[in-house]
Amino acid sequence: MPNATNRRLWRDISVFDGLQTLPDRMAVITQGAHIITLSPMSEFDEQLAHHCTEMGSGGVMTPGLVDCHTHLVFGGSRAEEFEARLEGASYEEIAKRGGGILSTVRATREASEDELLRLAKPRLEALIADGVTTVEIKSGYGLSVKDELKMLRVARRLGKMLPVNVVTTLLGAHALPPEYKDDSDGYIDLVCQEMIPAAAAEGLADAVDVFCEKIAFSVEQCERVFTAAEAHGLPIKAHAEQLSNLGGTAMAARHGALSADHIEYLDDTGIAAMREAGSVAVILPGAFHTLLETQQPPIAALRTAGVPMAVATDANPGSSPLFMPTLMLNLACTLFRLTPQEALAGMTAHGATALGLSGKGRIHEGAEADLCVWDIDAPAELAYAVQPGRLRQRMFQGVLTHGQ
């Protein structure tokens, strides 16, 4: 994506900088790919407006949204499981009878790389249209070396095709494939000895994830995956404590995990380990909502401990077929009692930290110009209302991709 060279000026705008709403109405100037001026209107030097393109006044500016946990690349549909859950079947029951992740695995294996790209593109376009400028895309529906690499290649292609920063994560330890039905350790050997080295050799993975749960892989097996990832210089993260408390979060934190995600059953030991490691707690209200869960993540305890909380869509075919990031802001507040400011920070600054991108998700002079301007009066309105169409302008790397 080429950088713009002209200067752009927004006047009298409310700015959420990624952590808080600035107290004054601001003037913001970008030049090329960066923010060069962030000034209260009362102190703005009008001479700086010379040679600027006037972009309008009023509204709210935020960093481009960061969706730090998605599974956008997949084949097939699981609408029938949605129906089954409403008829009383549990997530675990569906998985045991061949549904769940494995049904998506079958469809994903059957699809070509081009077909997966065709299916994933409108999902990613939906996120972009709702303000996302950085997105993580996991593999995890191939569960073979060939098919996991196929998924990661699709994710890389999406990042070259669309105006968005794509971060890829290898989630080979997502579920046990049918050919390893009675040999989970053997499958972990494949992940550690073949899958991770292959992904690293081709430069396809930016991180490695695991599903540490009784319907997936044990703490000990996940730790083996982390050790293999570390040997190839790849950061790690974990789906953990979603359905039970196995201690996966604490183990992941001991390995310096970027994040632990879901964490509905996280205990005080896990929270302390995350605080010590600087790991981010990724809150996924879409899965909680879709699965009709009742065990809420320990938001108050995380807040008290000072563990940063990110918010993401978890966009996937089964447990969170939701592709609207601003809806997640609302659900994080209404289901889990995050404040609107916490939710928005969770999808900007803290979302970026969960991906190891400490420079993204912020607005300050010198920051990259990944920005959104919204037709609202205050940042809290993004979480308050579920209302498409509020995105006035979107900039990616200094280039205007939405609006005028």
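Residues numbered from 1 in each chain as written. Predicted model: local features only at pLDDT ≥ 70, side-chain atom pairs only at ≥ 80, totals over all residues. Heavy atoms only, no water.

1. Some thoughts on the overall build of the chain
Line of reasoning, step 1. Scanning the chain for helices and strands turns up 15 helices and 16 strands.
Line of reasoning, step 2. With the C-alpha coordinates of the chain rotated into their principal frame, the extents come out at 70 × 45 × 45 Å.
Line of reasoning, step 3. Long-range contacts, defined as pairs at least 24 residues apart, comprise 72% of the intrachain contacts of the chain with a sequence gap of at least 6.
Line of reasoning, step 4. Of the roughly 15,200 Å² of accessible surface on the chain, 50% is carried by carbon and sulfur atoms.
Line of reasoning, step 5. Once the 33 positive and 51 negative side-chain charges of the chain are each reduced to a mean point, those two points are 4 Å apart. (Helix = DSSP H or I, 4+ residues; strand = E, 2+ residues; numbered from the N terminus. Contact = heavy atoms within 4.5 Å. Areas by Shrake-Rupley, 256 points an atom, 1.4 Å probe, with all protein chains shown as cover. Lys, Arg positive; Asp, Glu negative; His and termini not counted. Charge placed at Lys NZ, Arg CZ, Asp CG, Glu CD.)

2. As for the side chain of threonine 133
Line of reasoning, step 1. Summarising the element assignment, threonine 133 is placed in strand β7 (residues 132-138).
Line of reasoning, step 2. A relative accessible area of 1% means that threonine 133 is categorised as buried.
Line of reasoning, step 3. When neighbours within four sequence positions are excluded, threonine 133 is seen to be in contact with Gly64, Leu65, Val164, Asn165, Asp370, Arg394, Met395 and Phe396. (Buried < 20%, exposed > 50% of the residue type's maximum accessible area, 1.4 Å probe, protein only.)

3. A word on the UniProt feature "binding site: Fe(3+)" (unreviewed entry) in the chain
Line of reasoning, step 1. Within this structure's numbering, the places UniProt gives as "binding site: Fe(3+)" (unreviewed entry) are His69, His71, His239 and Asp314. In three dimensions, the annotated residues from a span of 246 residues occupy one location, with a maximal C-alpha spread of 12.4 Å.
Line of reasoning, step 2. Topologically, histidine 71 is positioned in the loop between β6 (65-67) and α1 (79-86).
Line of reasoning, step 3. Here histidine 71 falls in the buried class, since its relative accessible area comes to 3%.
Line of reasoning, step 4. Sequence-distant contacts of histidine 71, defined by excluding residues within four places in its chain, comprise Lys138, Ser139, Tyr141, Leu171, His174, His239, Asp314, Ala315, Asn316 and Pro317.
Line of reasoning, step 5. Topologically, histidine 239 is positioned in strand β10 (residues 236-240). (UniProt positions renumbered as here; feature names shortened; annotations may be inferred.)

4. Structural notes on the side chain of aspartate 209
Line of reasoning, step 1. Along the chain, aspartate 209 falls in strand β9 (residues 207-212).
Line of reasoning, step 2. Within the structure, aspartate 209 has its side chain in polar contact with the side chain of lysine 138 (distance 2.7 Å).
Line of reasoning, step 3. Separated by 3.3 Å, the side chain of aspartate 209 and the backbone nitrogen of alanine 238 make a polar contact.
Line of reasoning, step 4. In this structure aspartate 209 touches Lys138, Thr169, Leu170, Leu171, Ala173, Lys237, Ala238 and His239, once residues within four positions along its chain are discounted. (Polar contact = N/O pair within 3.5 Å; in protein donor to acceptor, adjacent residues only side chain to side chain.)

5. Focus on the packing of aromatic side chains
Line of reasoning, step 1. Scanning the model with the defined rule gives four aromatic pairs in all.
Line of reasoning, step 2. Ring centres of phenylalanine 74 and tyrosine 141 lie 6.4 Å apart, and the angle between their planes is 80°; on these two criteria the pair is classed as edge-to-face. One end of the pair, phenylalanine 74, is in the loop between β6 and α1; the other, tyrosine 141, is in the loop between β7 and α5 (145-161), and 67 residues separate them in sequence.
Line of reasoning, step 3. By relative accessible area, which is 5% here, phenylalanine 74 ends up buried.
Line of reasoning, step 4. When its relative accessible area of 2% is taken as the criterion, tyrosine 141 is described as buried.
Line of reasoning, step 5. Centre to centre, the rings of phenylalanine 288 and phenylalanine 336 are 4.9 Å apart; their planes meet at 75°, and the pair counts as edge-to-face. Taken together, the residues phenylalanine 288 in helix α10 (residues 285-290) and phenylalanine 336 in helix α12 (residues 325-336) connect sequence positions 48 residues apart. Judged on exposure class, the residue phenylalanine 288 and its partner phenylalanine 336 are both buried.
Line of reasoning, step 6. The ring of phenylalanine 74 carries the charged tip of arginine 123 above its face, separated from the ring centre by 3.5 Å. (Phe/Tyr/Trp six-rings, centres within 6.5 Å; stacked < 30°, edge-to-face > 60°. Lys NZ or Arg CZ within 6 Å of the ring centre and 35° of its normal.)

6. Re the state of the cysteines
Line of reasoning, step 1. Summed over the entire model, instances satisfying the criterion amount to zero disulfides.
Line of reasoning, step 2. Counting only cysteine sulfurs, cysteine 333 is the nearest neighbor of cysteine 68, a cysteine outside any disulfide, at a range of 16 Å.
Line of reasoning, step 3. Left without a disulfide partner, cysteine 222 is nearest to the cysteine sulfur of cysteine 212, which lies 4.0 Å away. (Disulfide = S-S within 2.5 Å.)

7. Some remarks on the sheet that holds strand β13 (residues 309-311)
Line of reasoning, step 1. The strand order β6-β7-β8-β9-β10-β11-β12-β13 describes an open sheet built from eight strands, whose pairing is parallel. The open sheet has two edge strands with one neighbour each: β6 and β13. When strand polarity is set aside, the average angle formed by the axes of neighbouring strands in this sheet is 25°.
Line of reasoning, step 2. Across three bridges, strand β11 (residues 259-262) lies against strand β12 (residues 280-283) in parallel orientation. (Pairing = 2+ DSSP bridges. Axes fitted to C-alpha atoms, helices over the stretch in contact; angles between N-to-C directions.)

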